[in-house]
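Chain by chain, the residues:
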Amino acid sequence: MKNYSVSQFKKYNNLIGWFTFAIATLVYLLTIEPTASFWDCSEFIASGNKLEVGHPPGAPFFMLMVRFFTMFAPTPQWVPILANSLSALASSFTILFLFWTITYMARRIVSPKSADLTLTQVILILSSGFVGALAYTFSDTFWFSAVEGEVYATSSLFTALVFWAILKWEEQADQPHATRWIILIAFLMGISIGIHLLNLLAIPAIALVYYFRKYNYSPKGLFYTLLISGVLLITIMYGIIQGFVVIASKVELLFVNSFGLPIKSGVFFLFTVVLAMLAYGIYRTHKRGRVVLNTIFVGLTVIMIGYSSYAVIVIRSSANPPMDQNSPDNMFSLLYYLNREQYGDRPLLYGQVFSAQPIARIEGEPTYAPKNGKYVFVRTKDKYEFAPEFKMLFPRMWSSEQNHVNAYKKWSNFEGKPVKQFNREGKTETVYVPTFGENLLFFFRYQLGFMYFRYFMWNFAGRQNDLQGHGEVTKGNWISGIPFIDNPRLGPQEKLPEIYRNNKGRNRYYLLPLLLGLAGLIYQLRRHKHDFWVTTMLFVMTGIAIVVYLNQTPYQPRERDYAYAGSFYAFTIWIGLGVLAVYELLKKIKDNPATAMVTASVCTFAVPVLMASENWDDHDRSGSYVPADFGYNMLIGCKPNAILFTYGDNDTFPLWYSQEVEGVRTDVRVANLSYLRGEWYIEQMQRKAYQSDPIPIRMTYDHYFTGARDAIVVIDKIKEPLNLDRVVDFFLSDKPENQVQSPFNQNERINYIPSKQLFLAVDKSEVKSYIDLPEDYLNRIADTITWTLNKQIVLKDGQVILDLIATNRWRRPIYYATTVSGETYLGLDKFFHLEGMMYRVLPIPASRQWGTGSVNTRDMWENLMGKYRFRSLNDPKVYLDENKMRIVSNYRNLFARLANALVDENKRDSAIAVLNRCMELIPPSTVPLNYFALSMVEGYYRAGDMQNALKYTQQMATQASEAISYMIYDLDEFQKNWLGNELQLNLAILYELTRMANQYEKGEYAKQLTDKFNSYVTVLEG
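For clarity, every value in this text was computed on a predicted model and none was experimentally measured.

Here is what the cut-offs are and how they apply
Residues numbered from 1 in each chain as written. Predicted model: local features only at pLDDT ≥ 70, side-chain atom pairs only at ≥ 80, totals over all residues. Heavy atoms only, no water. Axes fitted to C-alpha atoms, helices over the stretch in contact; angles between N-to-C directions. Helix = DSSP H or I, 4+ residues; strand = E, 2+ residues; numbered from the N terminus. Parallel < 35°, antiparallel > 145°, perpendicular 65-115°, else oblique. Left-handed = near helix turned anticlockwise from the far one by under 90°. Contact = heavy atoms within 4.5 Å. Nonpolar A, V, L, I, M, F, W, Y, C, P; charged D, E, K, R; others polar. Pairing = 2+ DSSP bridges. Polar contact = N/O pair within 3.5 Å; in protein donor to acceptor, adjacent residues only side chain to side chain. Buried < 20%, exposed > 50% of the residue type's maximum accessible area, 1.4 Å probe, protein only. Arc of directions from axis to C-beta. Core = buried A, V, L, I, M, F, W, Y, C linked by side-chain atoms within 4.5 Å.

1. Topic: the packing of helix 19 (residues 512-527) against helix 23 (residues 593-619)
Turning to step 1, where the next piece is worked out: As a packed pair, helix 19 and helix 23 sit with axes 9 Å apart at the nearest point and diverge in direction by 130 degrees. Relative to helix 23, the element helix 19 is oriented oblique. Here helix 19 runs over helix 23; the crossing is left-handed. The segment helix 19 lies against helix 23, with Leu512, Pro513 and Leu516 engaging Cys603, Ala606, Val607, Leu610 and Met611.
Turning to step 2, where the next piece is worked out: Here the contact of helix 19 with helix 23 is built from residues that sort into 8 nonpolar, no polar and no charged.

Written out as C-alpha cells, the structure is:
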C-alpha cells in the first residue's frame, strides 16, 4: 500500500481545507441578508460605512474592515451586502482554520511521530477536519452570525486564527524563529481588542499549549501555568485596555489643569513616553540577548499597536460626526465608553442579593469633562453599600427589578431566610433573602442550564423553535427529535399545534452531533491528554466562564447564544475527532481505506449534511428586507424637517441605517429617548445633521451638563394647571428657591416641577400656517391644551420633551414612534394622532380610536397604501424570525386601525380595500394570525365583509383551539406550570373571536364558538 510523505499530506491538507472553505463561503454568501439586520447590525453597517462612533465599548478595527469592504459599493444598496459579506468571509476563514486545527490534532493521534502516512490515515485525518469544520459551518449559532454585519463572525475568526497559530508554534517550537508565532498571536489579540474581547479568552488554552510543549507535566506546573495565564488575561483586560486610559486621563488632567497646556496634550505626551520606553526596552534586550524579555517587550508593543485602533474612536468623535455615541473625544469620556458605564454594573464574586436596600452611599472616583479649554469636575462615581446580611459570595440573584425577582424565585424554588431591616419610614420589617443553596440552584438551572446548555443543545441536539422563551415548555427549548427524550420535558411533540410544528426554526439532529462530539472527546482524552486539556480549556473559557462573568438576569431582551460561539467551536473539534472514534469501532470489521471512506461518508451525512438540511430554511436570509423597510417606512411617512422620538435599538438603528447609508429622509431628526438622558446626546441634538436643523430647545450646555438636572421631581404643590413656558423656565433656573432636597441624596438639592397639571396656549392662526392637515383637523385645534404629567421623576429626556413642546410652538412636526413605551409619553398621548408607524403630537385633543390616539385617515392611507415598502412579506420562501414577525404583526395592527377608523367615517369600501391590501401583503401563509389580527377580523365585520370576517375567524379559532387543547389535555401539571401566558393569550383570542361572532354574525357559528369557549372554561375551573 502506498505511503504519503509529510509534504504530500500537507498538499492534500491544504487542498481539502480550501475546499471546505469554498463550501462555507458559498453557503454564507448565498444566505446573507441583503440589507441591514435588526439589533446592532444596522448601527455597525452605518457607523462602519462612514467611520462614525457606535455604541460602547466600540469596535474600531471592525469599523475599519467594514469601511474597506463598503468602499467598493457601486450604490448605497450594495453597502449592506458588502458589509454582510465581510462576516460571511470571516466565518468561512474561521472554518478554514478550524479544519487545519482539527487535522493537526487528528494527525498527532493517528501518526504522532510525523512519519509517512498510509492512505487510511490520510483519509481519517482529512475527514475528521472536514466533518468537524462543516459541523461548525452549519451550526445554528455560527451560521446565524455569519450572514449579518455583526462583530461576532470576525471575532470568531481571530479566535480560530490565534488558536491555529499556537499550534503552528508548537509544531515549529524547536526551530530558530518559532517565537514569531507568539508575536503574531500577541498582535492578533491586540487587533481583536478593537473587534470584541471574546478573543482574549483563548489565552489560558494558548498557555497550556506552551506549557505542554516546553515543560514536563506536573500538577504544580499546570497550576502555575493557569495562574500566569489568568494574570495575563486580567493584565490585558484591566491593565492595558482600561489601565492605559486611566493613566492617560490622570496625565491629561495634570497637563491641562495644572500646566495650562491644551486639551489632549497629556495624552500625546504619555503616548510618546510609552512608545519610547517600549522601543528602548526592545533595543536593550535585543542587544543583551535577553530573549524572553525581548519577546515580552515586542509582544507588549504589538498588543499596543493593535489596541491603538481605538485612536480611530477618539479621532472620529473629535470630528463630531452625526452618529457619535457618548462623544468619546477625550480620555474621561473614552474611559466611560470603554467601561460601558451607561449599561450599569453587576456583582461578580461578592455582592448584594435582590432584596437588599442600600444603607450608605460611598463616594467614588471623580469624573471630569472638558469645558472652556479645561477639565471641570462633574461628579464622583458613587456606589451604594449594603448590609452584610444582604450580601453573599458568588451572588447570582442580585437585580431588584420586580420581574427579575419573580423569575429568581421561580427558577430557584425560593423560600428564603428571614432578615430584619429598617424600611424608609424607619420601622422594622422582615424581608426574605435567598439562601446560598437557592442562589446556586438559580445559577445551575437558569444561568448554566437555560442560558448556556440550552444553547449548546440547540447546536448539537436540535431546536424546538425560534420563539424566545423564558422557560416555557412551548418556546425556545432544545429538542432531539427522539420522543422518549423530548416528551417528558416538553410534552407530546407528535401532538404539537400546527403553529409550533410548522415553525421553520424547528430543527432535529437526533443527538447525532452531540454523540459524535462526545465520542471524540473521550477518544482524545484516551489518546492525547495534553490536547484534550487544551481543547477543554478553550471550551470552558469561551462558555462556562462567560456565563459566570456575565451574571445574567432573567428576561434578556434577546437570545444570547452568540456569546458562546467560541465554546461551540471547541466542541466541533471533538466532533471532528469523533470520526476517529467511529473508525476505531468499524476497523474491527476490516482495517483498510474502504472502511475509512465508509466512516467518513457516514459521519458526513449523519452530522453536517443533516445539520445543513435542517437549518437551511431558518438561516437563509436572502430576500429578507424587513429591518431596512422598517427604518424606511418610519422615516418616509414623517412630514418635512420632523423630530421623531424612538427608544430602543430596533426602532432606532434601522432608521440610522436608512439615513446614513441609503440617504433616506435626512431632514428628519431621529432622537432616541434613552440616549437623551446623556448630555452628550442633547448637545448633538443641538447641532445640524445633514438636512436636519438642530432641535429647538432653550436648554443650554450649563443646564444639562453632566451631573446637572439628571433628574427633577414633580411635586404637586399647586393644584391647578401651570403654563408650560413658565414651568420650563422654572426647572431650568438655578435659583435656590426653585429647588428642593433630593430624594436620592440628602446632601443635594435638585430642581422640581410644582404641579402635575400643565397647559400651553395655542395661536391657532400661526399653527395653521405650519401644519398641513385635513380641514376637519384644522377646525379642531384647541385654544389651550391641558394635560397631566404621568411621572413623579422627570429625567433629562422628559425635560427635553417639555422644553421642545414649549419652545417649538408646533413649527416643526413632532412624532413618537409607535414602538415607544407609554412611560415616556409624559401624558401627551392625549394629543397623539396616528399617521402610520408614528404618532404625531398636535394641539388637537385626541380620542382613543382603536388604540392610543386618534387616527389621521388621510395621511395614514397615503403612507400605508402608497409610500411604505413591504418587500417579500408574502413570499413563503423568505424566512421571518420572531423579531421580524413581531414587526410585521405591528404592520397588521396599523392596517386594522386605519380600516376601523375608515368605518367610523362611514367609508366601508375603503376599509375593505385596506384590509384586503394587508392580507395580500402579509398573508397568513407567511405570518400566522396572532392577537394583533383580532382588530382586522373586527374591521371586516364592521365593514360588512362577512365572508372574510368568518374566514379569518375560523382560521384563528382553529389555531387557538389547537393550542388550548394541547395545553389543557396533553401537558402534565409540571409542564403547565411552565406555560407562561400562552394559555391565557389563546383563551383571550378565542374569547374575542366569540364576542365578535356573537356581536356581528349572531348565527350558528357564534353558538359553536361560544360552546367551545365555555367548554374550555369549564375544564379550567373544574
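2. Things to note about the sheet that holds strand 19 (residues 757-761)
Turning to step 1, where the next piece is worked out: Strand order in this open sheet of 3 strands is 16-19-20, and the pairing throughout is mixed. Where the open sheet ends on each side, the last strands, each with one partner, are strand 16 (722-723) and strand 20 (784-788).
Turning to step 2, where the next piece is worked out: As paired strands, strand 16 and strand 19 are joined by 2 bridges and run parallel to one another. Looking at the pairing, Leu722 lines up with Leu758 of strand 19.

3. A few points about the sheet that holds strand 17 (residues 739-741)
Turning to step 1, where the next piece is worked out: Ordered by their spatial adjacency, 4 strands build an open sheet running 17-18-15-21, and the pairing between neighbours is mixed. Since the sheet does not close on itself, it has two edges, and those belong to strand 17 and strand 21 (793-795), each with one partner. In this sheet, neighbouring strand axes are inclined to one another by 45 degrees on average, regardless of whether the strands run parallel or antiparallel.
Turning to step 2, where the next piece is worked out: Sheet analysis places strand 17 next to strand 18 (residues 749-753), joined by 3 bridges and oriented antiparallel. Bridging across to strand 18, Gln741 finds its partner in Arg749.
Turning to step 3, where the next piece is worked out: Where helix 28 (residues 724-732) meets the sheet, its contacts fall on strand 15 (711-714) and strand 18, and the angle it forms with strand 18 comes to roughly 175 degrees.
Turning to step 4, where the next piece is worked out: Sheet strands touched by helix 31 (residues 796-808): strand 15, strand 18 and strand 21. Its angle to strand 21, the strand with the most contacts, is close to 85 degrees.

4. Things to note about the environment of Gln684
Turning to step 1, where the next piece is worked out: Tracing the backbone through its elements, the reader meets Gln684 in helix 26 (residues 679-685).
Turning to step 2, where the next piece is worked out: When the C-alpha atoms of Gln684 and Leu98 are compared, they prove to be 45 Å apart, with 586 residues separating the residues in sequence.
Turning to step 3, where the next piece is worked out: If we ignore the near neighbours within four places in the chain, the residues touching Gln684 are Pro322, Asp324, Ser327 and Arg669.
Turning to step 4, where the next piece is worked out: Within the local environment of Gln684, its side chain forms a polar contact with the backbone oxygen of Asp324, the two atoms lying 2.5 Å apart.

5. So, helix 28
Turning to step 1, where the next piece is worked out: Among all positions of helix 28, only Leu724, Asp725, Val727, Val728, Phe731 and Leu732 are buried. On an axial view of helix 28, the arc spanned by its buried residues comes to 165 degrees, and they lie on one face.
Turning to step 2, where the next piece is worked out: With a side-chain oxygen lying 2.8 Å from the backbone nitrogen of Asp725, the N-terminal cap of helix 28 falls on Asn723.

6. Details of the nonpolar core
Turning to step 1, where the next piece is worked out: Among the nonpolar cores identified, the biggest contains 317 residues, and Tyr307, Phe645, Trp787 and Tyr816 are the most heavily contacted of them.
Turning to step 2, where the next piece is worked out: A total of 16 residues in this core trace back to one element, the largest contributor, which is helix 4 (residues 78-110).
Turning to step 3, where the next piece is worked out: Ignoring anything within four residues of it in the chain, the contact list for Tyr307 reads Gly190, Ile193, Ile240, Ile241, Phe244, Val245 and Leu338.
Turning to step 4, where the next piece is worked out: Val353, Phe386, Phe390 and Val419 belong to the second largest nonpolar core, which has 9 residues in total.

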